[in-house]
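Listed below are the residues making up each chain.
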Amino acid sequence: MHTYQYQLPGSLRAKRWLAAAVAFSTGLAACAAAADTTVRVLRVEISDVEKQYYDDVVAEYEAQNPDVEVVFEYIANEAYKTRLPTLLQSDQRPDIFYSWGGEGLRDQVEAGFVRDLTEAMQDGWQDLYPESAVRAFTLDDRVYGAPLYATVVGFWANTALTEQAGVDIEAIETWEDLEQAVVALRESGITPAVVGGKDGWPMHFYWGYLATRLAGGEGIEAAKQGDNGGFEGEPFVQAGELLQAFVELDPFQSGFMSTSYERASAMFGDGEAALHLMGDWDYIPSKERSATGEGVPDEDLEFIRFPRVEGGEGNDDSFGGMNGFAVTRDASDEAVDFLRFLLNEENQREAARLGIFVPVANGSEEELDTPYARKVAEILSESNFHQVFLDQALGTSVGATVNDISGDLAQGEITPEEAAAQVEEAWMFR
Amino acid sequence: MTTMTRPAVHKRSNADRLRQGLASGKFTAVLILLPPALILFSLFVILPLADAAYYSVFSWNGYGTPSNFVGTQNYTRLLDHSVFHTALWNTAKLILVSLIIQMPLALGLALLVYRKTPTNTLFRLVFFLPYILAEVAAGLIWSFVFDGDYGITAFMFQALGQESVYVLADRQWAFPAIMTVIVWKYFGFHMMIYIAALQSVPKDLIEAAKLEGAKPRQVALFVQIPLIKHAIVVSGFFAIIGSLQIFDIIIPMTNGGPSNSTHTIVTYLYTFGLSRLNIGFGSAAAVVLFVLAIGIALFYQRATAKEERA
């Protein structure tokens, strides 16, 4: 290890090692508690349960590696997205950062901020995960990140309310079935669904999932290349039409455009609506945010697949996230080592056991305890193509446009054609 | 620089040296006092301006260095963008509301409370309180007030037996709501400027007017207001420049929504430039904002200077 000092004179690493060497020689006795290397991990704000999980992993790693200190830092979701570019270009850049893959990661890689993990992952590391998970972090055959978990978007349902309206939640197979359920719920005086319209992205789940159902994951890839009219093509216009026809049925809580995601998830937890189109990760947050802290009781809670759309190319596809961590370019080798530890099979299984998220490591689904998590694992394994959220997969700028048009469509501000044209324009100018 | 000039001074005659000494005294003062200001000004004003102008001709996502030159494309896209038109119009509305509603309100209140009495001190404090509050906090507080489920608005509508109204989710009402908050937030500041000016109006002039039989309203209109014109000009300038900068109240209240209908130029710049990582595009918006601000400032200065001469 000491040879590094001579191979890279003047680099940060050499200075760090030099400093460590000086510290070592001057205070042998005091050294026991002092860490030589600090690995800073930046993560989007999460539930307390998940924080505890990371604390435990870190404690175990530090026990095995006394000269490494791992520090987790958390930033709220929206702030994280806007601050990351600045952070990556500053001296304050973290060693490991949370990533959604997609075009956003491509921007960071092309600007040279991300460490290439291809070699590190080849000696057995990547075999822990299914190919689709590694693919989400692969750009031009190089791997730039490792997967933590997969998420799937679906309808969370409060069966106590749906039964009251005479809706059989398990029987919702097609988009028409869902529309009929909405009408029945309204007639019984129950708010059919909550949505956090103020934040944009929860509404994009409707447009994005409908577009995925209609075009299919491969159709979306083709649209990126400009085939079949690009994002102005038929499926994307039709997604807008379906969304607008759906909104005509008055499915959402009143004032839904002023509701944030957090509020919507609390409202669902408080039993104020029957459905919530949201990722599987909302299970614990929805409980934590509800007035009682208990949320919808488990026996009344269901997680169902997004319905099929007639004639859709993507009826066997799933829509959600493939989230993980990337390592910054000049991070220490210890950072890579810690990441490998964090995402190893045992820790992934532990996450499954705790029910924090649905880990991607092969076999970890065996540990999943809640029926919802098993449902997610089932949807993922049956899925033909796992389409990453459109507002992530298409990059920050186009993604924000997708969020905008979803809200505009829901309010009837623009036509489906205009919406599709705006996405295409944003894609051309990205 | 000083070491360069010294040998030259030594060669001169006595009289010359004296004159030069006086002159160089000023010169040294300039040499000592100017550079810090000049350095700070170039570093924090000129340089960023030049940078923004430079970035505005590139399509750049903020990573690395800009390389994709696009000429004036960012500007044409900006001028074609309907949300930018909304942002411009909203900013204009803010300027108008500040000048037509906020300033007269502040002036009227200042005339009521400018005399030094204990009750007046209390009122001044109360009126000034909103200004002390941080913008973000004010925005958050008002977003709760306007909340259609739990806010005071909801409570009022329910008390009247009406369906609740979601002010901030309504395209028609969201921006008027924001304007109300901005007037509420800043009138105290303008009021304080007027109070300071009113207190410096000579008492004998007011006494004289009263002896001539002028009613309080006439005293205000023909004595006090003309005498504090300079303060009104200054506060007008602050109102306009402040309106061009409005940002941190809108973000917590509506975040520019619903459907991008409540953007001002700055929230537009932030949303479409910074948070979407279109740094080149955002820079173009910044340049437009800068030109507008300079243009309005010059126009205002001309207009008010002319009035003073007349």
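Residues numbered from 1 in each chain as written. Chains lettered and ligands numbered in written order. Predicted model: local features only at pLDDT ≥ 70, side-chain atom pairs only at ≥ 80, totals over all residues. Heavy atoms only, no water.

A word on the overall build of chain B. Within chain B, the regular secondary structure consists of 14 helices and 0 strands. Seen in sequence order, chain B has helices and strands lined up from the N terminus as α-α-α-α-α-α-α-α-α-α-α-α-α-α. Principal-axis analysis of the C-alpha atoms gives chain B an extent of 95 × 75 × 35 Å. Here the analysis covers contacts within chain B between residues at least 6 apart in sequence; of these, 66% occur between residues at least 24 apart. Split by element, the accessible area of chain B, about 17800 Å² in all, is 70% carbon and sulfur. A distance of 15 Å separates the average location of the 22 positive side-chain charges in chain B from that of its 14 negative side-chain charges. (Helix = DSSP H or I, 4+ residues; strand = E, 2+ residues; numbered from the N terminus. Contact = heavy atoms within 4.5 Å. Areas by Shrake-Rupley, 256 points an atom, 1.4 Å probe, with all protein chains shown as cover. Lys, Arg positive; Asp, Glu negative; His and termini not counted. Charge placed at Lys NZ, Arg CZ, Asp CG, Glu CD.)

Moving on to the overall build of chain A. Secondary structure assignment for chain A yields 19 helices and 12 strands. Rg of the C-alpha trace for chain A: 23 Å, near the compact-globule value of 22 Å for 430 residues, within the 12% margin. Counting only C-alpha atoms and orienting by the principal axes, one finds that chain A spans roughly 80 × 45 × 35 Å. A separation threshold of at least 6 residues defines the contact pool for chain A, and within that pool the share at least 24 residues apart is 77%. When the accessible surface of chain A is summed, it comes to about 17500 Å², and 47% of that surface belongs to carbon and sulfur atoms. Separation between the mean location of the 29 positive side-chain charges and that of the 77 negative ones in chain A comes to 7 Å. (Rg over C-alpha atoms; globule rule 2.2 N^0.38 Å.)

Let us look at the UniProt feature "transmembrane region" (unreviewed entry) in chain B. The positions UniProt marks with the feature "transmembrane region" (unreviewed entry) are residues 27–50, 94–114, 126–146, 173–198, 219–247 and 279–300 of chain B. Taken end to end, residues 219–247 of chain B is 90% helix and 0% strand, and its first and last C-alpha atoms sit 39 Å apart. (UniProt positions renumbered as here; feature names shortened; annotations may be inferred.)

Once that is clear, we can look at the packing of aromatic side chains. Under the definition given, this model contains 53 aromatic pairs over all chains. Relative to Tyr-270 of chain B, the ring of Phe-247 of chain B has its centre 5.2 Å away and its plane inclined at 75 degrees; by these criteria the two rings are edge-to-face. Pair noted here: Phe-247 of chain B is in the loop between helix H11 (229–245) and helix H12 (250–253) and Tyr-270 of chain B is in helix H13 (residues 265–274), with a separation of 23 residues, a long-range link. A cation over an aromatic ring shows up here: Lys-81 of chain A above the ring of Trp-100 of chain A, its NZ or CZ 5.4 Å from the ring centre. Positioned above the aromatic ring of Tyr-186 of chain B is the side chain of Lys-185 of chain B, whose terminal nitrogen or guanidinium carbon lies 5.2 Å from the ring centre. (Phe/Tyr/Trp six-rings, centres within 6.5 Å; stacked < 30°, edge-to-face > 60°. Lys NZ or Arg CZ within 6 Å of the ring centre and 35° of its normal.)

Let us look at the packing of helix H4 (residues 82–113) of chain B against H13 of chain B. When two helices pack together, their arrangement is captured by the angle between the axes and the distance separating the axes. All names here are of chain B. Running from amino to carboxyl end, H4 crosses H13 at an angle of 150 degrees, the nearest separation of the two axes being 8 Å. For the element pair H4 / H13, the angle class is roughly antiparallel. For the pair H4 and H13, contact is made by Val-83, Phe-84, Ala-87, Leu-88 and Thr-91 and by Ile-265, Tyr-268 and Phe-272, respectively. By residue class, the composition of the contact of H4 with H13 is 7 nonpolar, 1 polar and no charged. (Axes fitted to C-alpha atoms, helices over the stretch in contact; angles between N-to-C directions. Parallel < 35°, antiparallel > 145°, perpendicular 65-115°, else oblique. Nonpolar A, V, L, I, M, F, W, Y, C, P; charged D, E, K, R; others polar.)

All names here are of chain B. Packing of helix H5 (residues 118–132) against helix H8 (residues 174–199) brings their axes to within 6 Å, and their N-to-C directions diverge by 130 degrees. Here H5 is positioned oblique relative to H8, judged by the angle of their axes. Here the hand of the crossing between H5 and H8 comes out left-handed. Contacts from Arg-124, Phe-127, Phe-128, Pro-130 and Tyr-131 of H5 reach H8 at Trp-184, Lys-185, Tyr-186, Phe-187, Gly-188, Phe-189, Met-191, Met-192, Ile-195 and Gln-199. Residues belonging to the contact of H5 with H8 are distributed by class as follows: 11 nonpolar, 2 polar and 2 charged. (Left-handed = near helix turned anticlockwise from the far one by under 90°.)

Residue and element names in this part refer to chain A. Of all 8 residues that make up strand E1 (residues 37–44), 6 are buried, and the element is covered over most of its length. Direction of pairing for E1 relative to strand E2 (residues 68–75): parallel, over a ladder of 8 bridges. By the bridge assignment for E2, Thr-37 is matched with Val-68. Handedness of the β-α-β unit built from E1, helix H3 (residues 48–64) and E2 comes out right-handed. Bridge count between E1 and strand E3 (residues 96–99): 2 bridges; the pairing is parallel. Pairing of Val-41 across the sheet is with Ile-96, part of E3. (Buried < 20%, exposed > 50% of the residue type's maximum accessible area, 1.4 Å probe, protein only. Pairing = 2+ DSSP bridges. Right-handed = clockwise from strand over helix to strand, strands pointing away.)

Another aspect to go through is the UniProt feature "domain: ABC transmembrane type-1" (unreviewed entry) in chain B. UniProt records the feature "domain: ABC transmembrane type-1" (unreviewed entry) at residues 88–300 of chain B, using the numbering of this structure. With 75% helix and 0% strand, the stretch residues 88–300 of chain B has end C-alpha atoms that lie 18 Å from each other.

Right, let's get into the environment of Met-103 of chain B. Residues and elements named next belong to chain B. As for its position among the elements, Met-103 is in helix H4. According to the relative accessible area criterion, Met-103 is buried, its value standing at 9%. For Met-103 and Ile-232, which are 129 residues apart along the polypeptide, the C-alpha to C-alpha distance reads 8.3 Å. Beyond its immediate sequence surroundings of up to four residues, Met-103 is in contact with Ser-98, His-190, Tyr-194, Ile-232, Ser-235, Gly-236 and Ala-239.

Next up on the list: the interface of chain B and chain A. Counting from both sides, the interface comprises 25 residues of chain B and, opposite them, 28 residues of chain A. Here chain B and chain A share an interface that buries about 2200 Å² over both sides, 47% of which is from carbon and sulfur atoms. Interface area lost by chain B to chain A is led by Tyr-63, Tyr-166 and Arg-276 of chain B, which between them contribute 30%. Taken together, the links from chain B to chain A amount to 4 salt bridges. For Glu-413 of chain A, the salt bridge goes to Arg-171 of chain B, with nearest N and O atoms at 3.0 Å. Seen at the junction of chain B and chain A, the total is 11 residue pairs in polar contact (both at pLDDT 80 or more). At the level of elements, helix H3 (73–80), H12 and H13 of chain B are the ones that each hand at least two residues to the side of chain B that touches chain A. (Buried area = accessible area lost by both parts, 1.4 Å probe. Salt bridge = Lys/Arg side-chain N within 4 Å of Asp/Glu carboxyl O. Polar contact = N/O pair within 3.5 Å; in protein donor to acceptor, adjacent residues only side chain to side chain.)

Here we take up the environment of Leu-210 of chain A. All names here are of chain A. When you line up the elements, Leu-210 lands in helix H10 (residues 201–224). Sequence spacing of Leu-210 and Arg-430 is 220 residues, and the spatial spacing of their C-alpha atoms is 23 Å. When sequence neighbours within four positions are dropped, the list of residues in contact with Leu-210 reads Trp-175, Ala-239, Leu-242, Leu-243, Phe-306 and Val-309.

Within the secondary structure layout, Lys-224 of chain A lies in helix H10. If we ignore the near neighbours within four places in the chain, the residues touching Lys-224 of chain A are Glu-103, Phe-231, Ala-393, Leu-394 and Trp-427 of chain A.

All names here are of chain A. Counting residues in hydrophobic clusters, the biggest one holds 85 residues, and the most contacted among them are Trp-175, Tyr-206, Trp-207, Phe-236, Phe-252 and Leu-275. By residue number, the principal contributor to this core is H10, which donates 12 residues. Excluding its chain neighbours within four sequence positions, the residues that come into contact with Trp-175 are Tyr-206, Leu-210, Leu-242, Phe-246, Phe-306, Pro-307, Arg-308 and Val-309. By size, the runner-up hydrophobic cluster in this structure holds 61 residues, among which are Val-70, Ile-75, Leu-87 and Tyr-98. (Core = buried A, V, L, I, M, F, W, Y, C linked by side-chain atoms within 4.5 Å.)

Turning next to the confidence of the model for chain A. All names here are of chain A. In the predicted model, chain A carries a mean pLDDT of 88, and 92% of its residues have values of at least 70. Per-residue pLDDT, averaged within each element of chain A, yields its smallest value for helix H1 (residues 4–7) (34) and its largest for strand E7 (residues 193–194) (97). Scored below 50 in pLDDT, residues 1–15 makes 13 contacts in the model with residues more than four places away or belonging to other chains. Throughout residues 22–33 the model reports pLDDT below 50, and contacts reaching past four residues in sequence, or to other chains, amount to 1 contact. (pLDDT = per-residue confidence, 0-100.)

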